[in-house]
Structures are given as C-alpha cells and as structure tokens.
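# Analysis of the macromolecular model
This is what each chain is made of:
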Amino acid sequence: MIQIGTLTMQTAFALAGLGLLLEALGIWQRRNDLISIGIRAIYAVFFLLLISNIALVYELMRDNFRLEYIASYSSKDTPPLYKFTALWGGQAGSLLFWSLTLASFSAAALWMARKRDNTLVPYAAAIFAFVIFFFLLMNNFYTNPFELLPPDVFVPDGRGLNPLLQNIGMAIHPPLLYIGYIGFVVPFAFAMAALFTGRLDNLWLNSTRNWTLFSWLFLTAGIVIGMAWAYVELGWGGYWGWDPVENASLIPWLTATAYIHSVIIQQKKDMFKIWNLVLIILTFLLTILGTFITRSGLISSVHAFGESEIGYLFLKFMGIITVVSLAFFLINLKKLKSSRHLESPLSRESSFLLNNIILLAMAFAVLYGTLLPTFTELLHGAKITVGPPFFNKINIPIGLALLALMAYAPLFAWRRISVNGFIRKALIPTAASLILLLVLLIFTEVPFYAALTFALSLLTFAVISVEIGKGVHVWMVQGLSWTSALLTLVGRNRRRYGAFLVHVGVVLMYIGFSGAVWNEEMEGAVKVGESLSVNEYRMTFVEPMVFNRADHNVKSGRFIVEKAGKMIGTLIPEKRFYPKLNQYNSDVSVITRLSRDIYLVLADLKGETASVKILINPLVLWIWIGSGLMAIGTTIAIWPRRRQSGKE
Amino acid sequence: MNQKVKVAAGIIVIVMALGYWVFQGVAGNEIYYLTVSELPTRKADLTDQRVKIGGVVQTGSIHFLNPLNVEFLLAQGEASVPVKYQGTTPDMFKDESELIVEGTFDGEMIHADLLIAKCASKYETEHVHSDSTARKKEA
C-alpha cells in the first residue's frame, strides 16, 4: 500500500497541475471541452487522494513502522481509534488529510454547480486546482508521510501518539478545524472568479452562501472543541491562553464572522461589494496564515511544529494570492462601485458596518499581538511579546461594545429608523438592563466588566424576546396556537431566527467567559485524611491509588468534595507515566455544575502525600451550552428550504 | 454628498479610535523574549523586568524542594541561568526538555510563574504538543 499511496499522491499532483493548465487554456481559447476535462481532473484528484489517505490509514492500522511517520506517531499498543487519528497527529499526515479535504470540497462545489450555467465555474475550478497544486507540492516534495526510514534502521515498535492527543476532543478537533478553514476556499474561489471575469454582481455570493455558513459552523465548532480539549487535557485550568496557534484560528473566525454579516447587506441592498471581496480574500489568506503559523514555527509557540522549510512556501503562496487579487481589484475598481449608499447612521446597514469594523478591530488586535515578536525581531533585533494581559485588556472592552451592538441589532430597520422610533423600541429593555447594571454595581461586589456583561446579556435577551413575542402574537391573532405560531414564524425566516439563536448562544458564552473574574486556585500538599479548603469548598484526600494500564502507569487518588458540610462529589485525578515516551500526562478531574466547575489536578503522589492544584472556575459550563446553541442556530439558518416546506 | 462625507468621517474616527486603543495596549504589557545566551549581554536593562526566556533544562539540574517548588538551570550551549518556580510543573518538564520560562529577572535568577514545555527529542519536533501550566490568576 505504500507504493499505492505514493503513486496516487504523485498522480494527484500531476493532475492538479494539468487541471490548472486545462482551465487556463480552456478559458483563453473558449474551449468548453478543455474546461470540462479540467474539472474531471479535479474529481480524479479527489479520488486519488482518497486512496492515498486510505493507504496511509491502512499502514497505520497494520503498524508498518518502516514508515518514518508511523514510527513517530503510532505504536503497537496505541488504541485503534488513535491509530486512525494519527493520520492528522503529525505534520506530514495532517497535510495529506488537508489536501484530501480541500480536494473533496473543490470537487463537491464543482459538482453542485455542474448543471447551472455559471460563468464563474471555469475560473473557480482554476483557483481550486491552483490551491490543491500548492498543497500537493508540499505533500510530495517537502513533507511526505510515505517516507521510509533508512533501510538500516529497524524500529520494532513506534513511539506512539502523544498522550495529550489521545483524547476524544483531540481526535475530532483537527478535522473540524480543517473543514472550517478549508471550506472558505469555496467562497474564495468564486470571489476570485468574479474578479477575473468582472461579473461582480451577486452571482458569486449566491453560489457560495451556504458554503460560507457551513465552514463558519465547523470553524466555530473546531475552536470550541479545541478549547474544551485544552481545558480537560492541559491541566492548567483554563480553556484559552492566547497562544499563537489558538489566535491563528480565532483571527479568520473573526473576519469570517464579519463576512457572514456583511454579505447580507450586499444581497439585500447591493452595497459593500468591494468590502465583501476584501473580507473573503482576507479570510482565506488568514486561514492559510493560520496553517502557516501552526506548521512553520514562525512564532515560537507551545504547539508550533518544528521549524521547517515549508514556511517559505507558505509565504510565497500567500504573496502570490495577495498580489494577484490586488491587481484584479485595481482593474475592476470602477465596476465595484455600489449602487447605493448608507442613508442613515441609524439603520441596519450602518449597524452591520459597525459590526464589521469592531470584528476587524478585534482580528487586527489579535493578529498584531500574535505577530509582535516577529515584527519586533525584524525591526529591532529583539523579540518583544505580549501575553494574555494584553489580549484581555484590548479585547474585553471591544468585545463588550460588540455585545451591546448585537443586543440592539434586531431593532434596526433597513435604510433608516427615526431616533424616536428607536428610542420607543429600545426604552424598556435598556431601562431594565441599566437597572440591573446599577443594582449589581451598587449592591453587590460584581466587578464592572462582569456586571456590564450581565446587563448587556439581559438587554440582548429582552430585545430578542420582544421581537419574537411580537412575531408570535401576529400569528396567534391568525388563530394559531403559540407553539405552531412560533414554528411558523421561525420557518418563514429561518435565517433571521437561526441568527437570533446564535446570538443567544454568543451571549451565554460571554456569560461563561465573565465567570473567569471569580476564578480561584490553590496549590498544596495533603496527606490521607487531610483537607484543603477553597472558599466554602472543602476537599478531603481519601485514598491514594497506584496501578498500571496497558501502556502507562497511573498514580491517582480519591478526593471527596464537600460544600458547607454536604458532600457534592468525588474527584479522581490521575498522573500518568508513559514509559515508552518517557512522558507524563495529567488527567484532571472535574465536577461540573451550572454555577461552577471544581477542577482538580494531581501534581504528584508520594506515598500517602498528594500534591494537588484545585481550581474553582465559575460559569464555565455556559460556554459549552452557548456554543451548542450557536451550532443549532447556524444549522437552522442553513437547513435546505425544500425539506422544511415539505413538513409544513 | 454631505451624508457620504459624514459617514466616511464617522468611520475614520471609529477606526482611528480602535487603532489607538490596540496600539496603546502594548505599553506596560511588553515582555522581552530572549534566549539564555542573550541574557547576560542585556542584564542591565532587563533586571527587575518581566522576561520570557527559551532554553533547555540542564540535565541533572532539576531540584524539587517539594512537589510544588522547583529550582533548575535553563541552559543554551555554555550559558545557563538559574530558575526558581513555584507551582505544578508541566507534564513534559524534565531533563533536556525545551522550555520557555516566563517571570521576573532579578539580575541573577528568574523567578518564574509560567513554564511552557516543548518536546525534548528530535523525533518529536514535529509533534503538535503543548503543555502549559500555572498561569497566574490575572492571565
């Protein structure tokens, strides 16, 4: 299977190049036959890469340690699930999987557009072929997963997948993130096609709207699952550390979020045309930058892959895309003029514009902070970094401004809304949230930012409830029960109400984030029978446990947690040692409640003495609940229309 | 036209305010990021500053005063600097592991409050792994 894997990977590379050539030639010579052969070449690339990936998985499953990749990332006693996920456990394999995902999206987008007479398709196909060609260039010549170890090296057993990655979250986080990243290639390709052809109407947008939301959904899910993984696996008690690799996924998420808002303005009002093209090209470049940051070791980061020459390739690739798109912008500048302009600062258009500015400011702040060491080293020769205090200080106020805007968003009408009309609609929710803010600030010790978060959350809920309540009322007057009125309302405009649900999810996540102001932690050593207390929580060490599992040894202990004398649960954290890797791995134990998490890390166990770190993390669960609602809301918004009307 | 100018002016003001907000945020939060061998040459201006230093844990230098208190030497080639750290150490903290240490430099020693471990062996330079621990509460 090694030969098959290599051969299919090489053929795919050649075919991607051929596809690019055929599309270019077909467009130039106006030869539809060449264009359709070129598109078939892309389909073929997809099938070849599928075989190539299967070949690698096959070799992983049968423990072929002649392959350097498999010897580094798998071992005989790695559980089968993680043998499979080792496909994306290291650089070479993950880039091969990346290429497969890319080819499958390209092929699917072309397949779905095959029946439509869409002038953009040949150009989009050329872009797909170009991007695939670039990634396959890396797979074949720079980081080949089918590379054999030198013949004189015999590896009886592989090193195994890093235990940190042997976690269900880490098994699904990379593919979700990849789907999220790569999905943006589809709107990008069609946007570039629009620039090449000069067909700058809404065709490219309408061809890719669902792709965009779909990719955004996966990017969101990928980021959140990465957070959850960090939270339970890394053992420092947090879910977000403003690490460069985390930031690398957040930046395109922010620009993509701006984009999914501003396309609505173009579709409804024919405005923001240049802006949308800029945003999608930027988002695509940032997804590539994200891969680049992760893979190249550009910024010394906790999870950056080792320094390698593929960094320059990435830079060249991004350079080419930037130059080409800028050139076509200049060529098309006249055609890109919007037919309409903002009519009033109090309008839905303006609120979306403001939303975009804020999201881009956040993206810029995160990018700036992430690349600061690189810039300062280039300019001054000394690396200066900024850590979480910088990112929090900058982003919390901007984030709260965004929350405020989101709260009022449903009240803005298209074109303009009168100041009086706005005040009339906003008065009661605003008053309610102001009262909450004042009560929290005067009568409780809730810190300002948290109080503001709660007040703005109330505002968002109030405004959305009133909007939905009004809509439901209209249908109830028609004689529907309130449930069918609600279903009808949502069914009639799933995009709007799906978005409301996403907003509610976002609010819950904000509430979850705000819980961090009450985080408490304590480290200490306890003997059996002794207790540690944090706040009203008392944690007693009941018994030490030492035993072995298949590929690791375990030190563990049982701890009972009481609150005000009442037992609320048992915590069993583990400290694992993997002899083959000569590596430790802590398995934290968490009691999760809506109000707070109680999180215990076992640092060490010597005889009857356990060294532990205990953290009280309020409201964390709301982050996961909120992200779940975001996923449901997005799904409602993109659910195909026909299925729904069949139900009604 | 008037409306257009107003809108443009509004956008420019907002963008400039946000830009200012981002750039000023760096002040007071900078952390110098150096290697162990660069440290002695800049001793004067870095004393009592917050620094981030990358190096390798010197073999045999790890000394646990107790499980939550450790001292070790962070080395790079010939150069090394003593580090004192209180808290749970990352899982990958061991002899020869690549480490990024963050803390205050008192001119002699680094009082670290954050250890970020990378992998030790050459095989693993391409792994995705990370490990960080003991971020201070404000982090």
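Residues numbered from 1 in each chain as written. Chains lettered and ligands numbered in written order. Predicted model: local features only at pLDDT ≥ 70, side-chain atom pairs only at ≥ 80, totals over all residues. Heavy atoms only, no water.

## Regarding the overall build of chain B
Within chain B, the secondary structure is distributed over two helices and eight strands. Seen in sequence order, chain B has helices and strands lined up from the N terminus as α-β-α-β-β-β-β-β-β-β. Across the 139 residues that make up chain B, the buried fraction comes to 45%. Considering only contacts in chain B between residues 6 or more positions apart, those separated by 24 or more positions represent 49%. Total accessible area on chain B stands at roughly 6800 Å², and carbon and sulfur atoms take up 56% of it. (Helix = DSSP H or I, 4+ residues; strand = E, 2+ residues; numbered from the N terminus. Buried < 20%, exposed > 50% of the residue type's maximum accessible area, 1.4 Å probe, protein only. Contact = heavy atoms within 4.5 Å. Areas by Shrake-Rupley, 256 points an atom, 1.4 Å probe, with all protein chains shown as cover.)

## Some thoughts on the overall build of chain A
Scanning chain A for helices and strands turns up 20 helices and 11 strands. Taken over C-alpha atoms, the radius of gyration comes to 27 Å for chain A, in line with the 26 Å a tight globule of 648 residues would show. The principal-axis extent of the C-alpha atoms belonging to chain A is close to 80 × 80 × 60 Å. The buried share of chain A, reckoned over its 648 residues, is 59%. Of the contacts formed within chain A by residues at least 6 apart in sequence, a portion of 71% connects residues at least 24 apart. As presented, chain A carries roughly 26600 Å² of accessible surface, and 66% of it is formed by carbon and sulfur atoms. (Rg over C-alpha atoms; globule rule 2.2 N^0.38 Å.)

## Examining the confidence of the model for chain A
Residue and element names in this part refer to chain A. Per-residue confidence for chain A averages 89 on the pLDDT scale, and 96% of its residues sit at or above 70. Per-element mean pLDDT across chain A ranges from 46 in helix α20 (residues 641-647) up to 96 in helix α19 (residues 620-638). Note that residues 643-648 has pLDDT below 50 and, in this model, three contacts with residues that lie over four places away or in other chains. (pLDDT = per-residue confidence, 0-100.)

## So, the environment of A:Leu149
Tracing the chain through its elements places A:Leu149 in the loop between α6 (121-141) and α7 (168-183). Contact partners of A:Leu149, with chain neighbours within four places excluded, come to A:Phe65, A:Arg66, A:Leu67, A:Glu68, A:Ala71 and A:Val155.

## Here we look at the pairing of strand β6 (residues 98-105) of chain B
Residue and element names in this part refer to chain B. The buried fraction of β6 is high, at six of eight residues. The sheet contact formed by strand β2 (residues 50-57) and β6 spans seven bridges and is antiparallel. Of the residues in β6, the one forming a bridge with Ile-53 is Val-101. Alignment of β6 against strand β7 (residues 110-117), held across seven bridges, turns out to be antiparallel. For Val-101, the partnering residue across the bridge sits in β7 and is Leu-115. What sits between β6 and β7 in their antiparallel hairpin is a turn of four residues, with Gly-107 showing a positive phi close to 100°. (Pairing = 2+ DSSP bridges.)

## Quick notes on the pattern of salt bridges
Residues and elements named next belong to chain A. Summed over the entire model, instances satisfying the criterion amount to 17 salt bridges over all chains. Lys-83 is the salt-bridge partner of Asp-63, the closest N and O atoms lying 3.2 Å from each other. In this pair, Asp-63 is assigned in the loop between α2 (32-61) and α3 (68-73) and Lys-83 in helix α4 (residues 80-85), connecting sequence segments 20 residues apart. In this pair, the class of Asp-63 matches that of Lys-83, namely buried. Members of the salt-bridge network, linked through shared partners, are Arg-549, Glu-574, Arg-576 and Asp-587. (Salt bridge = Lys/Arg side-chain N within 4 Å of Asp/Glu carboxyl O.)

## Points about the sheet that holds strand β9 (residues 589-592) of chain A
Neighbouring strands of a sheet are bound in pairs by backbone hydrogen bonds; such pairs are parallel or else antiparallel. Residue and element names in this part refer to chain A. In spatial order, the strands read β2-β11-β10-β9; together these four strands make up an open sheet with antiparallel pairing. Each edge of the sheet is formed by a strand with only one pairing partner; in this case those strands are β2 (520-527) and β9. Averaged over all pairs of adjacent strands, the angle between their axes in this sheet comes to 20°, without regard to strand direction. Where strand β10 (residues 596-606) and strand β11 (residues 609-618) come together, 10 bridges link them in antiparallel fashion. Considered in β11, the bridge of Val-601 is made with Lys-613. (Axes fitted to C-alpha atoms, helices over the stretch in contact; angles between N-to-C directions.)

## A word on the packing of aromatic side chains
All names here are of chain A. Per the counting criterion, the structure on display carries 46 aromatic pairs over all chains. Both rings, one in Trp-98 and one in Phe-135, keep their centres 5.4 Å apart while their planes meet at 35°; by these two values the pair is tilted. With Trp-98 in helix α5 (residues 91-112) and Phe-135 in helix α6, the pair connects residues that are 37 residues apart, well separated along the chain. In this pair, the class of Trp-98 matches that of Phe-135, namely buried. Ring centres 6.3 Å apart and planes at 80° place the aromatic pair Tyr-239 and Trp-624 in the edge-to-face group. (Phe/Tyr/Trp six-rings, centres within 6.5 Å; stacked < 30°, edge-to-face > 60°.)

## Here's the deal with the environment of A:Pro175
Residues and elements named next belong to chain A. Along the chain, the position of Pro-175 falls in helix α7. Judged by its relative accessible area of 13%, Pro-175 falls in the buried class. Along the primary structure Pro-175 and Trp-216 are separated by 41 residues, whereas in three dimensions their C-alpha atoms are 14 Å apart. If near-sequence neighbours (up to four positions away) are discounted, Pro-175 is found in contact with Trp-88 and Phe-97.

## Regarding α19(A)
The terminal C-alpha atoms of α19(A), which comprises 19 residues, lie 28 Å apart, in line with the 27 Å expected from a rise of 1.5 Å per residue. In this structure, the buried side of α19(A) is in contact with α9 (203-234), α10 (244-269), α18 (494-514), β10 and β11 of chain A. (Expected span 1.5 Å × (residues − 1).)

## Let's talk about the nonpolar core
With 212 residues, the main nonpolar core has A:Phe128, A:Phe135, A:Trp204 and B:Phe72 as its most contacted residues. Take this core: its biggest share by element is 13 residues, from α9(A). Ignoring any residue separated from it by four or fewer positions in sequence, one finds A:Phe128 in contact with A:Ile42, A:Ser106, A:Ala109, A:Leu110, A:Val185, A:Val186, A:Ala189 and A:Phe190. One finds A:Val526, A:Leu532, A:Met539 and A:Leu605 within the second-largest nonpolar core, a separate group that totals 18 residues. (Core = buried A, V, L, I, M, F, W, Y, C linked by side-chain atoms within 4.5 Å.)

## A closer look at the packing of helix α16 (residues 448-477) of chain A against helix α17 (residues 482-492) of chain A
All names here are of chain A. Where α16 contacts α17, the two axes come as close as 8 Å, and the packing angle between them is 115°. In terms of axis orientation, α16 runs roughly perpendicular to α17. In this structure, α16 crosses over α17, and the sense of that crossing is right-handed. Contact with α16, carried on its side by Ile-468, Gly-471, Val-472, Trp-475 and Met-476, involves Trp-482, Ala-485, Leu-486, Thr-488, Leu-489 and Arg-492 of α17 and no other residues of that element. Looking at the contact of α16 with α17 residue by residue, the class counts come to eight nonpolar, two polar and one charged. (Parallel < 35°, antiparallel > 145°, perpendicular 65-115°, else oblique. Left-handed = near helix turned anticlockwise from the far one by under 90°. Nonpolar A, V, L, I, M, F, W, Y, C, P; charged D, E, K, R; others polar.)

## Notes on the side chain of A:Glu23
Residues and elements named next belong to chain A. Secondary-structure assignment places Glu-23 in helix α1 (residues 2-29). One buried charged residue, Glu-23, forms no salt bridge at all, with the nearest opposite charge on Arg-40 at 10 Å. With residues up to four places along the chain from it excluded, the contact list for Glu-23 reads Ile-35, Gly-38, Ile-39, Pro-122, Ala-125 and Ala-126. (Lys, Arg positive; Asp, Glu negative; His and termini not counted.)

## So, the packing of helix α13 (residues 348-380) of chain A against helix α14 (residues 388-408) of chain A
All names here are of chain A. Between α13 and α14, the least distance of the axes is 10 Å, while the angle of their chain directions is 170°. Considering the angle they form, α13 stands roughly antiparallel to α14. Contacts from Ser-351, Leu-354, Asn-355, Ile-358, Leu-359, Met-362, Ala-365, Val-366, Tyr-368, Gly-369 and Thr-370 in α13 reach Phe-390, Phe-391, Ile-394, Asn-395, Ile-398, Gly-399, Ala-401, Leu-402 and Leu-405 in α14. Considered class by class, the residues forming the contact of α13 with α14 number 14 nonpolar, six polar and no charged.

## Describing the confidence of the model for chain B
Residue and element names in this part refer to chain B. Here chain B shows a mean pLDDT of 78. Residues at 70 or above account for 83%. Averaged pLDDT values over the elements of chain B bottom out at 32 in strand β8 (residues 132-133) and peak at 92 in strand β5 (residues 79-86). For residues 119-139, every residue scores under 50 in pLDDT, and the model assigns this stretch 76 contacts once sequence neighbours within four places are set aside. Per the prediction output, this complex has pTM 0.90; the corresponding ipTM is 0.79.

## Side note on the pairing of strand β1 (residues 30-35) of chain B
Note: strand β1 (residues 383-386) of chain A against β1(B), four bridges, orientation antiparallel. Bridging from a neighbouring strand, A:Ile384 pairs with B:Tyr32 of β1(B). In the sheet, β1(B) pairs with β2(B) via four bridges, with the strands oriented parallel. In the strand pairing of β2(B), B:Leu34 is matched with B:Ile53.

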